[in-house]
Amino acid sequence: MKKIVFATNNKHKLNEIRNILIGDYEVFGLQDIGFGNDIPETGSTLKENASIKSKTIFDLYNINCFSDDTGLIIESLGGDPGVYSARYAGCGATYEENVDKVLFKLKGQNNRKAAFSTVISLLFDNIEYFFEGKISGTIANKRYGDGGFGYDPIFIPEGYDITFAEMPIEIKNKISHRAIATQKLVAFLNKHVSNSDIK
Ligand code: IMP
């Protein structure tokens, strides 16, 4: 079985990909390879940040590796919080504080169009590939539901009248930005078996 690293410490994301990437690959997280540092997300786009993370690991360990970066893009806020989604209300901000800031900024705003976007960077046999997943929707006037995480209580995906936080997690995990990007990555990996491996 070939080995690949997912440059994340998020156990939920790791398990999710392990469950769908059945066959040729064994997926390792950053902890599994003994990388304990934080990789600074200094890019100005999701693509750049995803790239920084996978390149850092590829350069250090010379192994096939992928990473992801996600943002909530709100039309009437000029694309904010976008690449700053995790720290919209400041460094170390909680999900609560970030959601509060979005609701405050959109007070009285009729255009509530938004989208979640996930970009995955894959470094595979020394070549970089990108996979994107996007889902459009609108921002609710207040929080609804208590499932999910992050901006889920205020994001209503197109074609639904409930937020991500109100829907069963199995549905969210089928239609979400991350699910779409991950499916593209998995399709690629299931088609291409790497020449290299972890030594
Ligand atoms: P990350 O790149 O996956 O770490 O995501 C950055 C930030 O986007 C997170 O801290 C969350 O605030 C938000 N986010 C990412 N994915 C989701 C999601 O599926 N639902 C709601 N918020 C999300």
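Check the entry above for the structure.
Quick look at the structure, then. (Residues numbered from 1 in each chain as written. Predicted model: local features only at pLDDT ≥ 70, side-chain atom pairs only at ≥ 80, totals over all residues. Heavy atoms only, no water.)

A count of helical and extended segments in the protein gives five helices and seven strands. Shown N-terminal to C-terminal, the secondary structure of the protein runs as helices and strands in the order β-α-β-α-β-β-α-β-β-β-α-α. By the compact-globule yardstick of 16 Å for 199 residues, the protein fits well, its C-alpha radius of gyration being 17 Å. Across its three principal directions, the C-alpha atoms of the protein cover 55 × 30 × 25 Å. The buried share of the protein, reckoned over its 199 residues, is 45%. (Helix = DSSP H or I, 4+ residues; strand = E, 2+ residues; numbered from the N terminus. Rg over C-alpha atoms; globule rule 2.2 N^0.38 Å. Buried < 20%, exposed > 50% of the residue type's maximum accessible area, 1.4 Å probe, protein only.)

Neighbouring the ligand are 14 residues; Lys13, Thr70, Asp152, Lys172 and Arg178 lie closest to it. Note that an oxygen atom of the ligand is positioned 2.8 Å from one of the side-chain N or O atoms of lysine 172. Arginine 178 places a side-chain nitrogen or oxygen 3.0 Å from an oxygen atom of the ligand. Against a free-state accessible area of 480 Å², the protein chains account for coverage of 89% of the ligand. Elements with a contribution of two residues or more to the shell around the ligand: β3 (65-74) and α5 (177-191). Considered class by class, the residues forming the shell around the ligand number five nonpolar, four polar and five charged. (Near = heavy atom within 4 Å. Polar contact = N/O pair within 3.5 Å; in protein donor to acceptor, adjacent residues only side chain to side chain. Areas by Shrake-Rupley, 256 points an atom, 1.4 Å probe, with all protein chains shown as cover. Nonpolar A, V, L, I, M, F, W, Y, C, P; charged D, E, K, R; others polar.)

As a further point, take the environment of isoleucine 17. Position of isoleucine 17 relative to the elements: it lies in helix α1 (residues 11-20). Assessed through its relative accessible area of 4%, isoleucine 17 is described here as buried. When the C-alpha atoms of isoleucine 17 and phenylalanine 35 are compared, they prove to be 19 Å apart, with 18 residues separating the residues in sequence.

The complete set of buried residues in α1 reads Lys13, Leu14 and Ile17. Buried residues along α1 cover an arc of 100 degrees about the axis, so they all sit on one side. The exposed set on the far side of α1, more than 90 degrees from its buried face, consists of Lys11 and Asn19. For α1, the elements touching its buried residues are β1 (2-6), β2 (25-28), β3 and α5. The N-cap of α1, judged by a side-chain oxygen 2.9 Å from the amide nitrogen of histidine 12 a few residues on, is asparagine 10. (Arc of directions from axis to C-beta. Contact = heavy atoms within 4.5 Å.)

In the structure shown here, the tally under the stated rule is eight aromatic pairs. One Lys or Arg, lysine 47, reaches over the ring of phenylalanine 130 and ends 4.6 Å from the middle of that ring. Between lysine 172 and the ring centre of phenylalanine 164, over which it is positioned, the NZ or CZ distance is 5.3 Å. (Phe/Tyr/Trp six-rings, centres within 6.5 Å; stacked < 30°, edge-to-face > 60°. Lys NZ or Arg CZ within 6 Å of the ring centre and 35° of its normal.)

Relative to the assigned elements, serine 54 resides in helix α2 (residues 46-61). One polar contact links serine 54 to serine 121, side chain to side chain, over a distance of 2.5 Å.

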